[in-house]
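# Close look at the chain arrangement
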Amino acid sequence: MWKSIAAAPADSILGLTEAFKTDTNPDKVNLGMGVYMNDAGITPVLACVKKAEQMLLGSETTKSYLPISGDPAYAACVQDLVFGPDSEVIATQRAATAHAPGGTGALRIGAELIKSFQTQASVWVSTPTWANHKGIFKAAGFTIKDYPYYNQMTHGLHFEDMLETLRQVPAGDVVLLHACCHNPSGVDLYPEHWAQIGAIAKEVGWIPFLDFAYQGFGTGVEEDRGAVEAFAAVQIDFFVASSYSKNFGLYNERTGAITVVSPSEQESVVAMSHLKATVRVCYSNPPAHGGLVTKTILSDPELTTSWRTELAEMCNRIVTMRNAFVDGLAARGVDQDFSFIKDQRGMFSFSGLQDDAVAWLQKNKSIYIVGGGRINLAGLTSKNIDYVCDSIAEALRN
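Note that the structure is a prediction, hence the values are computed from the model and not measured. (Residues numbered from 1 in each chain as written. Predicted model: local features only at pLDDT ≥ 70, side-chain atom pairs only at ≥ 80, totals over all residues. Heavy atoms only, no water.)

## Considering the overall build of the protein
Within the protein, the secondary structure is distributed over 14 helices and 13 strands. The C-alpha radius of gyration of the protein comes to 21 Å, within 12% of the 21 Å expected for a compact globule of 398 residues. A separation of at least 24 residues holds for 74% of the contacts in the protein among residues at least 6 apart in sequence. With the model as given, the accessible surface of the protein reaches about 17400 Å², and the carbon-plus-sulfur share is 54%. (Helix = DSSP H or I, 4+ residues; strand = E, 2+ residues; numbered from the N terminus. Rg over C-alpha atoms; globule rule 2.2 N^0.38 Å. Contact = heavy atoms within 4.5 Å. Areas by Shrake-Rupley, 256 points an atom, 1.4 Å probe, with all protein chains shown as cover.)

Now the structure itself:
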């Protein structure tokens, strides 16, 4: 059946990683892959994760299926993390949470659920957005539209244009928003921005869908909830897709959650029934291990403290690399201003590097950067930072 069918194009990010793996240059640097790496260039297993796994290994008695929506204790931990343990949303039981296979799985389950009832809705995504967002929602049958977000001239927000577009979004459409650490730009909205967007969503009637993949990688675990709190405060329907790949380092365990927030407990019960029905036909029930690890950590005060310490260390390393990158380019006399990178948050940055420089760096220096100039600051280390800065300075002179 494949003789007359062309091969699918490689994923823009994962394909870049495959090219990196086959590169024989000993100085090669991968700034494209979306994973955290420590100063040794390794994606580590967190110490709190190892301890939680040891505890699970000693106490586990079965490999039987989880419930369709996953372990209820995991869902409770997710809600405490996403909303805060004292949140009105939790107290009034108007959130329904299901364990999903990673943030991507959470987005897709949410998309399938919405499509079942909002059959004519379109999904609005930021310009730019994570490369896989459009594919996920297109696969669920949605038409994709764009709203302004990143201003390439100022390296900041197109906020007024964004608000104007959001005011025109039809009621019942879905607006996908990055809760924090915007991927790929690194430019975030602040609490005052979220309050305005929440008010527009309530007035106009579109459905917010928050991609919350980097909680704790922005300003802090609590501070990064600003988007969630803004929509919870106006008591409308909205969705939250959580991922624990980054902040728990559980990349290959595919650990995430989809949370549906409703205006009332009664509506939340209905939402959960349809959420379970959606999960049942997609993957029946979730993989257990990553969720059990996360639950174990968040249920144990000592492990929670350890996790927060390790998370802060990861964030501080990224900030250190941001500063070293900007200062390193300035020290090399690069005319282009990169100072805005210090103000961005999370692992990623729209660096301002043009595609010709990106291609030159890959061909001549084995430095791998996603087209459009998005770089992962966590790919920088104390050993390669000088090489990267020297190479970029050379690329910009050519």
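From this point, the narrative continues.
## Here we look at the pairing of strand 2 (residues 95-101)
Moving residue by residue along a regular strand, the side chains alternate between the two faces of the sheet. For strand 2, the tally of buried residues reaches 6 of 7 residues, placing the bulk of the element in the interior. In the sheet, strand 2 pairs with strand 10 (residues 255-261) via 7 bridges, with the strands oriented antiparallel. Paired with Ala 98 across the two strands is Ile 258, which belongs to strand 10. (Buried < 20%, exposed > 50% of the residue type's maximum accessible area, 1.4 Å probe, protein only. Pairing = 2+ DSSP bridges.)

## Some points on the side chain of Ser 264
Structurally, Ser 264 can be placed in the loop between strand 10 and helix 10 (265-282). Residue Ser 264 is classed as buried on the basis of its relative accessible area of 18%. Polar contacts involving the side chain of Ser 264 include one to the side chain of Glu 267, which spans 2.7 Å. (Polar contact = N/O pair within 3.5 Å; in protein donor to acceptor, adjacent residues only side chain to side chain.)

## Thoughts on the nonpolar core
With 95 residues, the main nonpolar core has Ile 197, Phe 217 and Phe 325 as its most contacted residues. Sort the elements by how many residues they give to this core and helix 12 (residues 301-331) lands first, with 10 residues. Here Phe 325 is in contact with Ile 341, Ile 375, Leu 377, Leu 380, Ile 385, Val 388, Cys 389 and Ile 392, once residues within four sequence places are set aside. Counting 29 residues, the second-largest nonpolar core is a separate cluster that includes Ala 100, Ala 111, Phe 239 and Val 279. (Core = buried A, V, L, I, M, F, W, Y, C linked by side-chain atoms within 4.5 Å.)

## Description of helix 9 (residues 226-233)
Buried residues dominate helix 9, accounting for 6 of its 8 residues. Buried within helix 9 we find Gly 226, Ala 227, Val 228, Ala 230, Phe 231 and Ala 232. On the buried face of helix 9, the contacting elements are helix 3 (72-83), helix 4 (88-91), strand 7 (174-178), helix 8 (191-204), strand 8 (207-212) and strand 9 (238-243). One or two residues past the end of helix 9 sits Gln 235, with phi positive at roughly 55°.

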